[in-house]
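The lines below spell out each chain.
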Amino acid sequence: MMRMMALVVLCAGLPFAAQADDLMTMEDVVEAAQAGIEFVDNDFVAARLAANPDVLLYDVRTEAEFELGHIPGAQWLPRGKAEFIVADTVRDADAEIILYCRTGSRAALVKKALDAQGYHNVSAHEGFETWSGDGRAFETEFGNVRLVGGEFFFFF
């Protein structure tokens, strides 16, 4: 009973949650997610994939987004479970990990979490929109695709 009273007294002294006027906007959330992150570009990703066959390239978008198209060689890693899956499966703090999402915000959040977990070689890419918009090949369930001038070209 005494512990319960102490908890009530302790909680009563805590500040209440932010008021509606203090809520972050979508732009604020994106800015906070990307703050302090130096994003890598398409050339960096391509060069690292060519130089290191052990690079772990993770797509942290939704599964539906991944299935619609992803960077060749990428593995789908659900954003909400990424930290747990990496902690369970990647036991080398120096493993080279490259993360990407659509525009960089989700990848930035996962990078921050992995950095905090002790991984030393994690990069966040600018985003799949940048990759596909640059005319780079991506994989779909139908094979390899390249977006050129707004048109999809399939190749094998």
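In the block above lies the structure referred to throughout.
Reference entry: report on the structure contained in this document. Remember, predicted model here, so these are calculated numbers, not experimental data. Once a new chain begins, its residue numbering starts again from 1 and follows that chain's sequence as written. Local features in this predicted model are restricted to residues whose pLDDT is 70 or higher, and side-chain atom pairs enter the listing and the counts only when it is 80 or higher, whereas totals over whole chains, interfaces and linings include all residues. Only hydrogens and water are set aside when side-chain values are computed; all heavy atoms of the structure are taken into account.

### Re the overall build of the protein
When helices and strands are tallied, the protein shows seven helices and seven strands. Every helix listed is a DSSP run of H or I at least four residues long, and every strand listed is a run of E at least two residues long, numbered separately from the N terminus. Each helix and strand of the protein, ordered N terminal to C terminal, gives the series α-α-α-β-α-β-α-β-α-β-α-β-β-β. Any two residues whose heavy atoms approach within 4.5 Å at even a single point are treated as in contact. For the protein, contacts bridging at least 24 residues in sequence account for 62% of all contacts bridging at least 6. Per element, the accessible surface of the protein, about 9900 Å² overall, is 60% carbon and sulfur. Using a 1.4 Å probe, accessible areas were evaluated by the Shrake-Rupley method; residue-level cover was limited to the displayed protein chains.

### Notes on the pattern of salt bridges
Basic side-chain nitrogens of Lys or Arg form a salt bridge, by our definition, when they fall within 4 Å of a carboxyl oxygen of Asp or Glu. Taken as a whole, this structure holds eight salt bridges when the rule is applied. Ionic pairing is found between aspartate 115 and lysine 111, a salt bridge with its closest N-O pair at 2.8 Å. Of this pair, aspartate 115 and lysine 111 are both found in helix 6 (residues 105-117), four residues apart, which corresponds to roughly one turn of the helix. Accessible area is worked out with a 1.4 Å probe on protein chains only. A residue is then buried under 20% of its type maximum, exposed over 50%, and partly exposed in between. Owing to a relative accessible area of 33%, aspartate 115 belongs among the partly exposed residues under this scheme.

### Observations regarding the pairing of strand 1 (residues 56-59)
Side chains of strand 1 alternate between two faces, with Leu56 and Tyr58 and Leu57 and Asp59 buried alike. A strand pair is defined by DSSP finding two or more bridges across the two strands. The sheet contact formed by strand 1 and strand 3 (residues 97-100) spans four bridges and is parallel. Bridged to leucine 56 within strand 3 is isoleucine 97. When strand 1 meets strand 2 (residues 75-76), the two strands line up parallel, connected through two bridges. The partner of aspartate 59 across the bridge, within strand 2, is tryptophan 76. The handedness rule is simple: strands pointing away from the viewer, and a clockwise path from the first strand over the helix to the second, make the crossover right-handed. With helix 4 (residues 63-68) bridging strand 1 and the parallel strand 2, this β-α-β connection has right-handed handedness.

### Quick look at helix 6
Relative to the 18 Å expected for 13 residues at 1.5 Å per residue, helix 6 spans 19 Å between its end C-alpha atoms, a close match to the ideal helical length. Burial in helix 6 covers these residues: Ser105, Ala107, Ala108, Val110, Lys111, Ala113 and Leu114. Contacts from the buried residues of helix 6 go to helix 2 (26-34), helix 5 (82-89), strand 3 and strand 4 (122-124). A helix's residues, less one, multiplied by 1.5 Å, set its expected span.

### Quick notes on the packing of helix 2 against helix 6
Angle between the axes and distance between the axes: these two values describe a pair of packed helices. Lines fitted to C-alpha atoms define the axes, with helix axes restricted to the stretch in contact, and inter-axis angles between N-to-C directions lie between 0 and 180 degrees. Orientation of helix 2 relative to helix 6, taken along the N-to-C sense of each, is 45°, at an axis distance of 8 Å. Classified by the angle their axes make, helix 2 and helix 6 are oblique. The two elements helix 2 and helix 6 meet at a crossing, and its hand is left-handed. Contacts between helix 2 and helix 6 pair Val30, Ala32, Ala33 and Gln34 from the former with Ser105, Ala108, Leu109 and Lys112 from the latter. Following the grouping adopted for this structure description, the nonpolar residues are Ala, Val, Leu, Ile, Met, Phe, Trp, Tyr, Cys and Pro, the charged ones are Asp, Glu, Lys and Arg, and the polar ones are all others, Gly among them. Grouping the amino acids of the contact of helix 2 with helix 6 by side-chain chemistry returns five nonpolar, two polar and one charged. Any angle from 65 to 115 degrees is called roughly perpendicular, while one under 35 is roughly parallel, one over 145 is roughly antiparallel, and all others are oblique. Crossing handedness is defined as follows: a turn of the near helix away from the far one that is anticlockwise and smaller than a right angle gives a left-handed crossing, while the clockwise case is right-handed.

### Re the packing of aromatic side chains
Classification of ring pairs rests on two measures: the distance between centres of Phe, Tyr or Trp rings, Trp counted by its six-membered ring, which must be within 6.5 Å, and the angle between planes, read as stacked under 30 degrees, edge-to-face over 60 and tilted in between. For the structure on display, the rule yields two aromatic pairs. Judged by centre distance (6.3 Å) and plane angle (25°), the ring pair of tyrosine 100 and phenylalanine 128 falls under stacked. With a gap of 28 residues between them, tyrosine 100 in strand 3 and phenylalanine 128 in helix 7 (residues 128-133) connect regions that are remote in the sequence. The pair tyrosine 100 / phenylalanine 128 is uniform in exposure class, with both members buried. Here the aromatic rings of phenylalanine 128 and phenylalanine 138 are separated by 5.3 Å at their centres, their planes lie at 80°, and the arrangement is edge-to-face.

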